[in-house]
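Observations on chain architecture
Chain by chain, the residues run as shown.
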Amino acid sequence: MLPSTNNRPVITHDNPKSPISEAYRTLRTNIQFSAIDEEIRTIMVTSAGPGEGKSTTITNLAVAYAQSDMKVVLIDADLRKPTMHHTFNLTNRAGLTNALSSKGILHEVIRETKIPNLSVITSGPIPPNPSEMLASKRMGVLLDELKEQFDMILIDTPPALAVTDAQIVASRCDGVVLVIDSGKVKREIAMKAKANLDYVKARILGVVLNNMNRKSSEAYYYYYYGTKE
């Protein structure tokens with residue numbers, strides 16, 4: 001079984017028949033049907049603040065896509081507090097920051113995982129200028145190159161209210177999923193995160209509500225389809 005941390009579980013791989021795994025597959029299906037007439041190949045997942053489950057959500061969503069026989073790459077674009085190398089037990093000596101700073105080495109930082117159809121690009125060394133690197137022309141070129149190799153590109157970013165990184169990446173993606181911890185995030189904070197994404201004309205595919213107060217302990221999240229007003 002794939003090693004996973006306590007706070008970054010890959011339950012869709014570890015226990016694919018669980019209700020939680022089915023919820024992630026439902027999330028995948030909802031995204032696919034949210035834009036029947038438009039192609040969605042690059043999806044960013046972010047949250048309002050830290051600790052809301054965005055990295056857990058995007059990891060399990062990536063596995064759900066991979067399990068549907070799609071070739072998937074998961075990019076750790078949280079260049080301030082990266083986690084994907086821990087989740088997948090990979091080295092982080094080279095990753096996204098290396099590919100953004102040096103041309104022609106993208107293939108060297110794409111790493112296969114133990115999960116069929118799923119590759120990962122870790123963050124690489126933490127740079128002094130994360131926002132500038134993500135906003136660079138090279139980032140756009142890199143995403144175009146990845147589209148030639150993969151069916152789906154999923155991008156993890158810092159929280160939307162922490163820094164501008166999420167807004168920068170959102171402007172380059174086909175859609176955004178916003179993860180909100182319903183147990184601790186107030187409505188006005190969630191709305192501010194949405195407003196930040198709306199400002200860059202990001203297409204918000206929907207919202208994942210984590211830690212809903214439900215009778216069943218197995219109910220991990222609910223997905224709400226949303227469009228910009």
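Rules of the game
Residues numbered from 1 in each chain as written. Predicted model: local features only at pLDDT ≥ 70, side-chain atom pairs only at ≥ 80, totals over all residues. Heavy atoms only, no water. Helix = DSSP H or I, 4+ residues; strand = E, 2+ residues; numbered from the N terminus. Buried < 20%, exposed > 50% of the residue type's maximum accessible area, 1.4 Å probe, protein only. Contact = heavy atoms within 4.5 Å. Areas by Shrake-Rupley, 256 points an atom, 1.4 Å probe, with all protein chains shown as cover. Axes fitted to C-alpha atoms, helices over the stretch in contact; angles between N-to-C directions. Parallel < 35°, antiparallel > 145°, perpendicular 65-115°, else oblique. Nonpolar A, V, L, I, M, F, W, Y, C, P; charged D, E, K, R; others polar. Expected span 1.5 Å × (residues − 1). pLDDT = per-residue confidence, 0-100. Salt bridge = Lys/Arg side-chain N within 4 Å of Asp/Glu carboxyl O. Pairing = 2+ DSSP bridges. Right-handed = clockwise from strand over helix to strand, strands pointing away.

Considerations on the overall build of the chain
Along the backbone of the chain there are ten helices and eight strands. Classification of the 229 residues of the chain by burial places 54% in the buried group. Intrachain contacts of the chain at a sequence separation of at least 6 include 75% that bridge at least 24 residues. Of the accessible surface of the chain, which amounts to about 11,000 Å², a share of 50% is contributed by carbon and sulfur atoms.

So, the packing of helix 2 (residues 19-33) against helix 3 (residues 54-66)
Two packed helices can be described by the angle between their axes and the distance between those axes. One can describe the packing of helix 2 onto helix 3 by two numbers: an axis separation of 9 Å at closest approach and a directional angle of 75 degrees. Considering the angle they form, helix 2 stands roughly perpendicular to helix 3. Across the interface between the two elements, Y24, R25, L27, R28, I31 and Q32 of helix 2 pack against T56, T57, N60, L61, A64 and Y65 of helix 3. Classifying every residue of the contact of helix 2 with helix 3 by side-chain character gives six nonpolar, four polar and two charged.

Brief notes about helix 2
For helix 2, spanning 15 residues, the distance from its first C-alpha to its last is 21 Å, which sits close to the expected 21 Å at 1.5 Å a residue. Residues of helix 2 that are buried: I20, S21, A23, Y24, R25, L27, R28 and I31.

Structural notes on the confidence of the model for the chain
Residues of the chain with pLDDT of at least 70 account for 89%, and the chain-wide mean is 88. Counting interchain partners and residues more than four positions distant, the pLDDT-below-50 stretch residues 223-229 has 22 contacts.

Side note on the pattern of salt bridges
Side chains that differ in sign of charge can pair as their charged atoms come close. Taken as a whole and judged by the stated rule, the model has seven salt bridges. The salt bridge involving E38 is made with R203; its shortest N-O contact spans 3.2 Å. A residue pair is termed long-range when its members are at least 10 positions apart, and E38 in the loop between helix 2 and strand 1 (42-47) and R203 in the loop between helix 10 (187-199) and strand 7 (204-210) qualify at 165 residues. On the basis of relative accessible area, E38 is assigned to the partly exposed category, the value being 48%. The exposure class assigned to R203 is partly exposed, which follows from its relative accessible area of 27%. The salt bridge partner of D165 is R80, with a shortest N-O separation of 2.9 Å. With D165 in helix 9 (residues 165-170) and R80 in the loop between strand 2 (72-76) and helix 4 (84-87), this residue pair connects regions lying 85 residues apart in the sequence. For D165, a relative accessible area of 0% gives the class buried. A residue is classified by how much of its surface remains accessible, and R80, at 37% relative accessible area, is partly exposed.

Regarding the pairing of strand 2
Most of strand 2 is tucked away, with five of its five residues classed as buried. Of the two faces of strand 2, the one lined by V72, L74 and D76 and the one lined by V73 and I75 are each fully buried. Across four bridges, the pairing between strand 2 and strand 4 (residues 118-121) is parallel. Directly across from L74, in strand 4, lies its bridge partner V120.

What about the environment of P127?
Tracing the backbone through its elements, the reader meets P127 in the loop between strand 4 and helix 7 (130-134). In this structure, the C-alpha to C-alpha distance between P127 and N98, residues 29 residues apart in sequence, is 9.6 Å. If sequence neighbours within four positions are ignored, P127 has contacts with L79, T97 and M133.

Brief notes about the pairing of strand 7
For strand 7, a buried count of six out of seven residues is recorded, marking the element as mostly surrounded by other parts of the structure. Each parallel crossover has a hand, and the one from strand 6 (residues 175-181) via helix 10 to strand 7 is right-handed.

Notes on unusual backbone geometry
At N89, a residue that is not glycine, the phi angle is positive and equals roughly 55 degrees. Structurally, N89 can be placed in the loop between helix 4 and helix 5 (96-101). N89 gets classed as exposed once you look at its relative accessible area, which sits at 58%. Backbone geometry at N117 places phi at a positive 75 degrees, although glycine is not the residue there. With respect to the element layout, N117 can be found in the loop between strand 3 (111-112) and strand 4. In this structure N117 comes out as partly exposed when scored by relative accessible area, which is 35%.

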